[in-house]
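# Structural characterization, general
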Amino acid sequence: MTLEKEQKKNNLQKVYEVIKTMASKPSGLIGLSILLFHVILAITSPLYVPYDYKAIDPSLMLQAPSSEYWFGTDSLGRDVFTRTILGGRTALTVTFFGSLIALLWGGALGIFCGLVGGKIDDVVMRIIDAFLSIPWILAMLLIVSLLGTTTLVLIPALGFFYGKGIVRVARAATHDVIAKDFIVSARARGHSNLSIIWNEILPNVRDAIMVEGAMRWSWMLLGFSSLSFLGFGVSPPTPDWGLMISNARGLMSFAYWAVLAPIFGLSSLIIGINLTADAFAKALGIDRSTKAPV
Amino acid sequence: MLLLVLKRILLGFITLFIVSLITFSGVEVLPGDACTTYLEREAYGAALEACYERLGLNTPAHERYISWAAGVLQGDFGYSLSGEMRINDVLGPRVKNSMVLASASILIGIPIALLLGIITALWRDKLPDIIISTITIFSMTIPEFISATLLILIVAIWLEWLPGIVIVPTGASISELLPNIILPVIAISMIMTAHMARMVRSSVIQVMASDYVQMAILKGVPYWKMVFKHVLPNALLPAINVVALTIAWLLGGVVVTEVVFNYPGLGRLVIESISNRDLPVVQALAIILASIYVSINLIADLMTLMLNPRLKSLQIKK
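Reading the values: rules and limits
- Residues numbered from 1 in each chain as written.
- Chains lettered and ligands numbered in written order.
- Predicted model: local features only at pLDDT ≥ 70, side-chain atom pairs only at ≥ 80, totals over all residues.
- Helix = DSSP H or I, 4+ residues; strand = E, 2+ residues; numbered from the N terminus.
- Buried ≥ 20, exposed ≤ 12 C-beta atoms within 10 Å, placed from the backbone.
- Contact = placed C-beta atoms within 7 Å.
- Axes fitted to C-alpha atoms, helices over the stretch in contact; angles between N-to-C directions.
- Parallel < 35°, antiparallel > 145°, perpendicular 65-115°, else oblique.
- Left-handed = near helix turned anticlockwise from the far one by under 90°.
- Nonpolar A, V, L, I, M, F, W, Y, C, P; charged D, E, K, R; others polar.
- pLDDT = per-residue confidence, 0-100.
- Expected span 1.5 Å × (residues − 1).
- Bend = angle between axes of the 7 residues up to and from the residue.

## Some thoughts on the overall build of chain A
Along chain A, the regular secondary structure elements total eleven helices and zero strands. C-alpha extents for chain A along the principal axes are approximately 80 × 45 × 35 Å. For chain A, the proportion of its 294 residues judged to be buried stands at 44%.

## Description of the overall build of chain B
A count of helices and strands for chain B gives 15 helices and zero strands. By the burial criterion, 37% of the 318 residues in chain B qualify as buried. Within chain B, counting contacts between residues at least 6 apart in sequence, those at least 24 apart form 71% of the total.

## Focus: the environment of Ile155 of chain A
All names here are of chain A. Assignment of secondary structure puts Ile155 in helix H7 (residues 151-178). Owing to 20 C-beta atoms within 10 Å, Ile155 belongs among the buried residues under this scheme. For the pair Ile155 and Glu200, spaced 45 residues apart in the sequence, the C-alpha separation amounts to 31 Å. Apart from residues lying up to four places away in sequence, Ile155 is in contact with Val94, Phe97, Gly98 and Ile101.

## A look at the packing of helix H5 (residues 87-122) of chain B against helix H14 (residues 279-307) of chain B
All names here are of chain B. Between H5 and H14, whose axes approach to 11 Å, the crossing angle comes to 50°. Between H5 and H14, the angle is such that the two are oblique. The crossing of H5 and H14 is right-handed. Along its contact with H5, which presents Ile87, Val90 and Leu91, the element H14 presents Pro280, Val281 and Ala284. A breakdown of the residues in the contact of H5 with H14 according to their chemical character gives six nonpolar, no polar and no charged.

## Focus on unusual backbone geometry
All names here are of chain B. One non-glycine residue, Asp125, lies in the positive phi region at around 60°. Along the chain, the position of Asp125 falls in the loop between H5 and helix H6 (127-141). With phi around 60°, Asn262 is a residue other than glycine that occupies positive phi space.

## Some words on the interface of chain A and chain B
With 39 residues of chain A at the interface, the matching set in chain B holds 44 residues. If you list the elements that add at least two residues to the side of chain A that touches chain B, you get helix H5 (118-132), helix H6 (136-147), helix H9 (193-230) and helix H11 (257-283) of chain A. With eight residues, H6 of chain A is the single largest residue contributor to the side of chain A that touches chain B.

## Here's the deal with the confidence of the model for chain B
Residue and element names in this part refer to chain B. When the pLDDT values of chain B are averaged, the result is 77; 82% of them are 70 or greater. Between the elements of chain B, mean pLDDT differs from a low of 53, seen in helix H15 (residues 309-317), to a high of 85, seen in helix H10 (residues 211-219). Ignoring residues within four places in sequence, the model shows residues 314-318, a span with pLDDT below 50, making one contact including any to other chains. With pTM at 0.81, the complex prediction returns an ipTM value of 0.78.

## Quick word on the packing of H9 of chain A against H11 of chain A
All names here are of chain A. Closest axis-to-axis distance for the H9/H11 pair is 8 Å, and the angle between their directions is 165°. Relative to H11, the element H9 lies roughly antiparallel. The element H9 and its partner H11 pack so that their crossing is left-handed. Where H9 approaches H11, its residues Val211, Ala214, Met215, Trp217, Ser218, Leu221, Leu222 and Ser225 are matched on the opposing element by Leu266, Leu269, Ile270, Ile273, Asn274, Ala277, Phe280 and Ala281. Here the residues of the contact of H9 with H11 sort into 13 nonpolar, three polar and no charged.

## Observations regarding H9 of chain A
Residue and element names in this part refer to chain A. Under the 1.5 Å per step criterion, the end-to-end length of H9 is only 46 Å for 38 residues, more than 12% shorter than the ideal 56 Å. At Leu202, H9 shows its maximal kink, close to 60°; a proline, Pro203, follows between one and four residues later. Within two residues after H9, Gly231 carries a phi angle of roughly 90°, on the positive side.

## Some details on helix H12 (residues 251-261) of chain B
Residue and element names in this part refer to chain B. Of all the eleven residues making up H12, eleven are buried; the element is thus mostly covered by neighbouring parts of the structure. Among the residues of H12, Leu251, Gly252, Gly253, Val254, Val255, Val256, Thr257, Glu258, Val259, Val260 and Phe261 are the ones counted as buried. Just downstream of H12 lies Asn262, where phi reads positive at about 60°.

## A word on the environment of His230 of chain B
All names here are of chain B. The topology assignment puts His230 in helix H11 (residues 223-249). By the C-beta count within 10 Å, which is 19 here, His230 ends up partly exposed. In this structure His230 touches Tyr212, Val213 and Ala216, once residues within four positions along its chain are discounted.

Right, here's the structure in full:
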C-alpha cells in the first residue's frame, strides 16, 4: 500500500520535473504557453463569444475590422473574431483523441512485433511499409469521402493512419531493450509475457513512444486542417480554421482579415504543439532531429 | 552487391503488390461502388444490373483484381468512370505537369537546404544559426495551404508581382507552364528546404563532434580544408536516405499546393476523382503515387550503397 503510494508520488514528481525542464528553455516555455492558451480558449470560448457564429446577415457583408467587429466580418456577414476563437475546438478535440488512438495501437503493435519477431514481424512490417507508401492525403480522402466527415469517422481514421509510423518506433525501441539482462532474468524468473511487457519493456520504451505521439499530434493537426481546407473535413457552418481559410480565400483581395485571422489561429496552435513536442523530446533525452518525418 | 540491389528491387515490388491489394480491397469493402455512385438515385433493378454488366462488376472480386492487375502491369489502367475516358490519357499530361513542378522544387530546394544546413551547423548557436533555424522551424510547421495562401496574398495581390493562380490548360507545354509555377515552387520548396536543412544541420554537427574531426583540428588542418575534406562527405551521406524519405512524405503536400494554385497536376486530379468517386482513377493514382514513393526510396538506398564503401562490405558480410 505505502509502496504503491510512493510509486504514484514518484510518477507525479517525474511529470513535474519533465515539465520544469521543458519550461526552462525559452522555446519550450513559449510552446507550452501557446498550447495552454489554446486549450483554455477552446474550453472556455463558448462562454464569452460576442456574437452567434452562424448568424448570417447580408447587410454586414465583408466589413473591415472595427471596434464593433474586431476582426471584421466574412462574406456572409458573420463575425470573424467569434468564429476564430471557436475555430480550434473541433481541431483540438479530433487531433487529441486521434493521437491517443495512434499512440495506443501503434505502440501496442510495435511492442508486439518487437517481442515476437520472426515471420509475423516480417509480414506486419511489410504491410506497414506498404501503408506508409500510400500518401496520407489519398488514403484519408478516400476514407472520408466514402464514410462521411463526422468526427466519429475522422478520429479513428486519423488515429489509424498516423499510428503506422509509431509502430516502427515502438518496434525499434523494443528491439533495443529485448536483449538486455533484466529481460532475460525476468524470463528466467518465470514471469509471463504480459508481465514482462508491462513491468520491464513498457517503462523502457514509453518515453520514445510518447515523444513520437506528441510529434504526430502536430502532423495530425496539419493533416486534419488540410482536409477541412479541401472541403473533406468539418462541414459548415461549424467554425473551423481550415474551412474558414478556404471559404475566405476567394475574396481575400477585398477582405484579407477573414483569411488572416484563422491563419493566425491555426499557425500559432501548430507552432505551439511543435515547440512543446520538441521540448518534450529534449527533456526526455530523445533526439529526433536526424529522422525523416514519416 | 548485384544480389543486394536485386533484393531491394524485389522488396519494392512486394510493397507495391501489397499497396494494390490494399487499395483494391479498400474500395471493395467500403460501402458504395462505382455503379451506385454513377447512377445515384436510380441505382436499382435493371439499370443497376446493366451497369454492373457494362463495367464488368458482376464477376467475382478476385477475377476482377487479376484482370485489373494484369492491365496495370502492361501499363493500362482501364477506363475512368465519369468521363468514360482511358485513364492513361487522363493521367499522361497530369503526370508531366506534376513532374515539372516537383523537379523544379527539388532542384531549387536541395542546394539551398545544403547551404543553410551547413551554415547553421558551422555557426551553431551564433546569430546566423539562430535566425535561420527560427525561420526553418516556422516554414516547416506551417501547413502548405497557409504558406501558399499567404504567398498569393502578399506577392500576387498586394505587390502584384506574379499571377496568383495558374490558368494554363492541362495540356500546356513546359514553356507555357514555367512562368506560372514560380509561386507554387516557392510554396513547396519552402517546407521541403526547411526539413532538409534541419537534418543536414544535425548531421554536420554530429560529424563535427566525432573523434577524427577533433584529431584533424588538433593536427592543425586548416578549418575550411577540414570542413570540405573530412566533415561534409561524412555528414551528407547519411542525409541522402532521410532526404529521400522527406521528399516522398511531401507528396501529400504537393496535392494541397496544387489545389491552392489551381495547378493542373496529379494533386488536383486526386481531389477531382475523389469528389466524383471515380474509383478506377483513384486506384490508378494510389499505385502511381506509391510507386513514386517506392522508387525514390530505392534510389536513395542504392545511392547510399554505392557512395559508401563501408556499408557495402557490411551488408555482404551479413
